Amino acid sequence: SQYDGATQYNVMYSQRIGGGAFSAPAAIFPAAVGHSRNAHVFLDTAGTLHMVWEQGTTPNREIYYATRTSGGTISAASNMTNTSDDEANPRVHVDGTGRIHIVWEGSTPPPSPTTAIFYRRTQGSIFLAATILPKLAGNQPAEMPDICTDIGSRIYVFWAEADGSSRNIRMV
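Attention in this report is confined to the structure presented alongside it. (Residues numbered from 1 in each chain as written. Predicted model: local features only at pLDDT ≥ 70, side-chain atom pairs only at ≥ 80, totals over all residues. Heavy atoms only, no water.)

Moving on, we get to the overall build of the protein. Scanning the protein for helices and strands turns up zero helices and 15 strands. A compact globule built from 172 residues should have a C-alpha radius of gyration of about 16 Å, and the protein, at 17 Å, falls within 12% of that. Across its three principal directions, the C-alpha atoms of the protein cover 50 × 45 × 30 Å. Within the protein, buried positions represent 38% of all 172 residues. Accessible area for the protein stands at about 9200 Å²; split by element, carbon and sulfur atoms hold 56% of it. Looking at charge distribution, the protein has the averaged site of its 12 positive side-chain charges lying 5 Å from that of its 14 negative ones. (Helix = DSSP H or I, 4+ residues; strand = E, 2+ residues; numbered from the N terminus. Rg over C-alpha atoms; globule rule 2.2 N^0.38 Å. Buried < 20%, exposed > 50% of the residue type's maximum accessible area, 1.4 Å probe, protein only. Areas by Shrake-Rupley, 256 points an atom, 1.4 Å probe, with all protein chains shown as cover. Lys, Arg positive; Asp, Glu negative; His and termini not counted. Charge placed at Lys NZ, Arg CZ, Asp CG, Glu CD.)

See the structure below:
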């Protein structure tokens with residue numbers, strides 16, 4: 001993400017082909033509202049670059065997803081969250097079967113609002129609904145998720161979670 005010098009941050013892109021020079025940075029998805037920040041990418045075995053980022057300003061950031069093929073075609077950005085809550089720190093991963101997995105931290109609804117880790121994945125070419133991952137301390141914040149899969153396509157999600165007196169690393 002780079003500040004445009006006037007009002008907002010934009011997700012930027014630069015590439016290098018072979019041993020050549022890097023291209024000049026260009027805004028890949030100029031922010032329409034608020035900022036585009038905290039981008040994360042994953043390159044799959046077909047050469048498709050999967051991108052996620054947060055769009056907007058606190059307290060109403062959304063998580064967006066798009067792709068760039070090895071031929072340079074960029075897909076339209078898709079809103080993965082579309083809520084009135086605040087979402088941040090997205091991560092994307094593609095497993096060996098081609099399923100796309102996205103995690104992020106987000107706000108849970110009242111009566112006990114806190115942050116939790118949300119997860120979405122594809123089934124075929126369709127993203128399934130988001131689910132909230134279980135926490136050890138339900139009313140404590142969970143943040144900074146990351147995700148990976150192993151050769152058997154088992155999914156591992158890690159995050160930091162407070163327990164009231166310290167912060168622990170959790171895994172499901």
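Let us now look at the pattern of salt bridges. Per the counting criterion, the structure on display carries six salt bridges. With its nearest N and O atoms 2.8 Å apart, the salt bridge here joins Asp95 to Arg99. Where Arg167 meets Glu143, a salt bridge forms, and the shortest distance between an N and an O atom there is 2.4 Å. With Arg167 in strand E15 (residues 167-171) and Glu143 in strand E13 (residues 142-149), the pair connects residues that are 24 residues apart, well separated along the chain. For Arg167, a relative accessible area of 47% corresponds to the partly exposed category. Bridged by salt links that share partners, the residues Glu54, Arg61 and Asp86 form one connected network. (Salt bridge = Lys/Arg side-chain N within 4 Å of Asp/Glu carboxyl O.)

The geometry of an aromatic ring pair is captured by two quantities: the separation of the ring centres and the angle between the planes. Under the definition given, this model contains four aromatic pairs. Look at Tyr65 and Phe127: their rings are 5.3 Å apart centre to centre, the planes differ by 70 degrees, and that puts the pair in the edge-to-face class. Of this pair, Tyr65 sits in strand E6 (residues 62-68) while Phe127 sits in strand E11 (residues 126-127), and the two are 62 residues apart along the sequence. Phe127 matches Tyr65 in its accessibility class, with the two residues each being buried. (Phe/Tyr/Trp six-rings, centres within 6.5 Å; stacked < 30°, edge-to-face > 60°.)

The next subject is the pairing of strand E14 (residues 155-162). Pairing geometry for E13 and E14, over six bridges, is antiparallel. If you follow Ile147 over to E14, its bridge partner there is Val157. Between E13 and E14, which pair antiparallel in sequence order, lie five residues; one of them, Ser153, sits at a positive phi of approximately 65 degrees. Looking at chain direction, E14 and E15 are connected through five bridges and run antiparallel. Its bridge partner lying in E15, Ala160 is registered against Ile169. From the end of E14 to the start of E15, which pair antiparallel, there are four residues, and Gly164 there has a positive phi angle of about 105 degrees. (Pairing = 2+ DSSP bridges.)

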